[in-house]
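Coordinate inspection notes
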Amino acid sequence: MKNKHIVLTSALAIGAVISFSMTIASFKIVNNDNNSTSDIEVNNIAADSDNTTQCNVIETDSTSASLDFGIIRPSEDSLNFTQLELHSDSLPVYTMEQVNEIIDEGTDEYYNNNGSFLINTDNYIYNVCAIDSTSGASDIDLLEYKSYIYHMMLNSVDYFNNAQGEMVYAMNFDSPIEIEFQTDIDEQCSYECLTQNGEIVEINFVEDNVAYTVDAINCTYVSYSQGDVIEFSISDNDRFVMLDSGETLAVNRNDLTNLATAGNSCLFPQSYAMSYLSDFSSWNISGMENLCGRDCVIVDGTANGNSFTMWIDVNTGILMKYVDIEGYVQVDSIAIDENIEVNSFSSEMYTKAE
C-alpha cells in the first residue's frame with residue numbers, strides 16, 4: 001500500500017477563489033493576503049471558512065503493503081449499512097500525527113470492508129421531509145435529522161453513481177458562470193463545460209485516468225495523468241477537528257465526481273457542510289421545497305456574521321441551491337442515476353499547449 005499523509009493548505013473563503021482547472025493531481029494554493037501562489041501535490045481541495053485549514057490525502061512513492069486502491073461500489077445485495085452517527089458540537093482535539101493515524105486506519109477499513117459504510121436513507125428521508133419550522137420536533141429528533149443532513153453532504157458521492165445537468169455559479173464574479181456537467185463515478189469519467197458572458201471559456205474532461213483541461217478561447221489543451229484514487233472511512237465527527245495548535249482542520253475526501261467546479265459547489269458539498277453546518281447551533285431546518293424534481297430540505301443559518309440559505313437534496317446530499325450576501329449557486333437541471341453517456345475528449349479538435 002502506498003504511504004499516505006495529509007497536506008495542510010492555506011485557508012480560502014467559500015466563493016472567494018475558484019479554479020477552472022481540474023484539481024485532481026495538482027493545485028495552485030492561493031494566498032488571499034498577497035495573491036501569491038505555490039504548487040502542491042494533492043488529490044483535491046475545497047473552499048472553506050476563513051479560519052479553517054484544509055487537509056487532503058495524497059500518496060507517496062514508497063510502499064508498505066499490498067492493497068489495491070480505487071473505488072469500491074458494493075452491489076445492492078452487499079451494502080454495508082451502519083447506524084447514523086449523531087453530531088457532536090465539541091470538536092475533538094488531535095495532534096497532526098493522530099490525524100494521519102485516523103486517515104491510515106480509515107483507508108485500511110475502507111479497502112478491507114468492501115467500501116464505505118452507508119446509512120439506510122429510507123429511515124430518515126420521510127421524517128426529514130415532514131419537518132418544518134413549526135413541526136415541533138423534539139431536541140433529540142432534531143439532532144438526528146440535522147446529523148443526517150450533515151452526513152449526506154459530507155458523503156454525497158456514496159449515494160449516487162452518475163449525474164448530469166446544468167448549474168450557475170455566481171459567487172464573487174463579474175458575471176455568472178454557466179456550467180454543464182456530466183460524471184460517472186463508477187467509470188471515473190467526467191465532462192464539464194464552463195460558459196461566461198455567452199462564451200465557452202473552459203472544458204474539462206477526465207477519462208482513462210487522464211485529465212484534460214481545454215482553453216476553449218485559444219483551442220489549446222493540457223493533460224496529465226491522475227494518481228490512484230485513495231478512499232477512506234472515518235467518523236463524520238473526525239472530518240472537522242481541532243489541532244493541538246489551536247487551528248481547525250477539515251479532512252477532505254477525494255472528489256470522486258472529477259468535476260473541478262460542479263463537484264465542490266454542488267454534487268459533493270463537503271466543504272460547505274464543514275464550513276457552514278459543523279456548528280449545529282448556527283442553523284435550522286426551515287422547510288422543504290422541490291427543485292428540479294428533487295425533494296430538498298431548506299437550511300437557514302449564519303456563518304462569520306453573514307446569513308445563508310441552502311437547499312439540500314434529502315436523497316443524496318447534493319447541494320441544489322446556495323444563497324448568501326455574496327452571491328448564489330443554483331442547479332437548473334439535473335438527472336441522477338440514469339443512463340448517461342459522458343462526453344469524451346478528442347485531441348483532433350484542439351492543439352496541445354506548449
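Our subject is the structure listed above.
The structure contained in this document is the topic of the report that follows. Every value quoted in this text rests on a predicted model; they were computed, and no experiment measured them.

**A word on the overall build of the protein chain**
Each helix and strand counted, the protein chain has five helices and 19 strands in total. The long-range fraction of contacts in the protein chain, counting pairs at least 24 apart against all pairs at least 6 apart in sequence, stands at 64%. If you sum the accessible surface of the protein chain, you get close to 15500 Å²; carbon and sulfur atoms cover 43% of it.

**Structural notes on the pairing of strand E15 (residues 294-303)**
Most of E15 sits inside the fold, with seven of its ten residues counted as buried. Pairing analysis gives eight bridges linking strand E14 (residues 283-291) to E15, with the strands arranged antiparallel. Bridge assignment links Ile-285 to a residue of E15, and that residue is Val-299. The loop that links E14 with its antiparallel partner E15 comprises two residues; one of these, Cys-292, has a positive phi angle of about 55 degrees. Pairing of E15 with strand E16 (residues 306-313), which is carried by eight bridges, proceeds in the antiparallel orientation.

**Observations concerning the nonpolar core**
Formed by 62 residues in total, the largest nonpolar core has its most connected members in Leu-277 and Met-310. With seven residues, helix H3 (residues 139-154) is the single largest residue contributor to this core. Ignoring sequence-local partners within four residues, the contact set of Met-310 consists of Met-153, Tyr-272, Tyr-276, Leu-277, Val-297, Ile-298, Val-299, Leu-319, Lys-321 and Tyr-322. In terms of nonpolar packing, the next biggest core, distinct from the first, is built from 13 residues, Val-210, Tyr-212, Tyr-221 and Phe-345 among them.

**Some points on the packing of aromatic side chains**
One pass over the full model with this rule turns up 15 aromatic pairs. With a centroid separation of 4.1 Å and 10 degrees between ring planes, the pair formed by Tyr-212 and Phe-345 is classed as stacked. Of the two residues, Tyr-212 is situated in strand E10 (residues 210-215) and Phe-345 in the loop between strand E18 (327-336) and strand E19 (351-352); the sequence distance between them amounts to 133 residues. Side by side, Tyr-212 and Phe-345 carry an identical accessibility label, which is buried. On the basis of an interplanar angle of 5 degrees and a centroid distance of 5.6 Å, the ring pair of Tyr-276 and Tyr-322 is categorised as stacked. Of this pair, Tyr-276 sits in helix H5 (residues 270-277) while Tyr-322 sits in strand E17 (residues 319-324), and the two are 46 residues apart along the sequence. On the basis of relative accessible area, Tyr-322 is assigned to the buried category, the value being 0%. Connected via pairs of aromatic rings, a cluster forms that spans Tyr-191, Phe-205, Tyr-212, Tyr-221, Phe-345 and Tyr-350.

**Observations regarding the layout of surface pockets**
Taken as a whole, the second largest pocket holds about 320 Å³ of empty space. For the second largest pocket, the lining is made up of 20 residues, of which Thr-82, Phe-117, Ile-234, Ser-235 and Asp-236 are closest to its centre. Residue composition of the lining of the second largest pocket, grouped by class: seven nonpolar, seven polar and six charged.

**Here's the deal with the environment of Ile-203**
Looking at where Ile-203 falls in the secondary structure, it is placed in strand E9 (residues 199-207). Assessed through its relative accessible area of 8%, Ile-203 is described here as buried. Through-space distance from the C-alpha of Ile-203 to that of Thr-213 is 6.0 Å; in sequence the pair is ten residues apart. Discounting residues that sit within four places of it in the chain, Ile-203 has contacts with Tyr-191, Glu-192, Cys-193, Tyr-212, Thr-213, Val-214 and Tyr-350.

Quick notes on the rules
- Along each chain, numbering runs from 1 in the same order as the chain's sequence is written.
- Local features in a predicted model are, by the rule used here, given only for residues with pLDDT of at least 70; side-chain atom pairs are given and counted only at 80 or more, and totals for whole chains, interfaces and linings are based on all residues.
- The side-chain values count all of the structure's non-hydrogen atoms but skip hydrogen atoms and water molecules.
- Under the scheme used here, helices are H or I runs from DSSP no shorter than 4 residues and strands are E runs no shorter than 2 residues, and both carry numbers assigned from the N terminus.
- Whether two residues are in contact is decided by their heavy atoms: any pair within 4.5 Å suffices.
- Each accessible area is a Shrake-Rupley estimate made with a 1.4 Å probe; only the visible protein chains count as cover when residues are assessed.
- When a residue's accessible area, from a 1.4 Å probe over protein chains only, is under 20% of the maximum for its type it is buried; when over 50% it is exposed; and in between it is partly exposed.
- Should DSSP find at least two bridges between two strands, the strands are taken to pair.
- Think of a nonpolar core as a cluster: buried Ala, Val, Leu, Ile, Met, Phe, Trp, Tyr and Cys residues, connected wherever their side-chain atoms sit within 4.5 Å.
- Here a pair means two rings of Phe, Tyr or Trp (six-membered ring of Trp) with centres within 6.5 Å. Their orientation is stacked below 30 degrees between planes, edge-to-face above 60, and tilted elsewhere.
- Definitions used for this entry: grid spacing 1 Å over protein atoms alone; cavity, a set of points where a 1.4 Å probe fits but cannot get out; pocket, an open set with protein on both sides within 12 Å along at least 5 of 7 lines; lining residue, one with an atom within 4 Å of a point.
- Grid points are joined across faces, edges and corners, and a volume is the space filled by probe spheres set on the points.
- Amino acid classes used here: Ala, Val, Leu, Ile, Met, Phe, Trp, Tyr, Cys and Pro are nonpolar; Asp, Glu, Lys and Arg are charged; the rest, including Gly, are polar.

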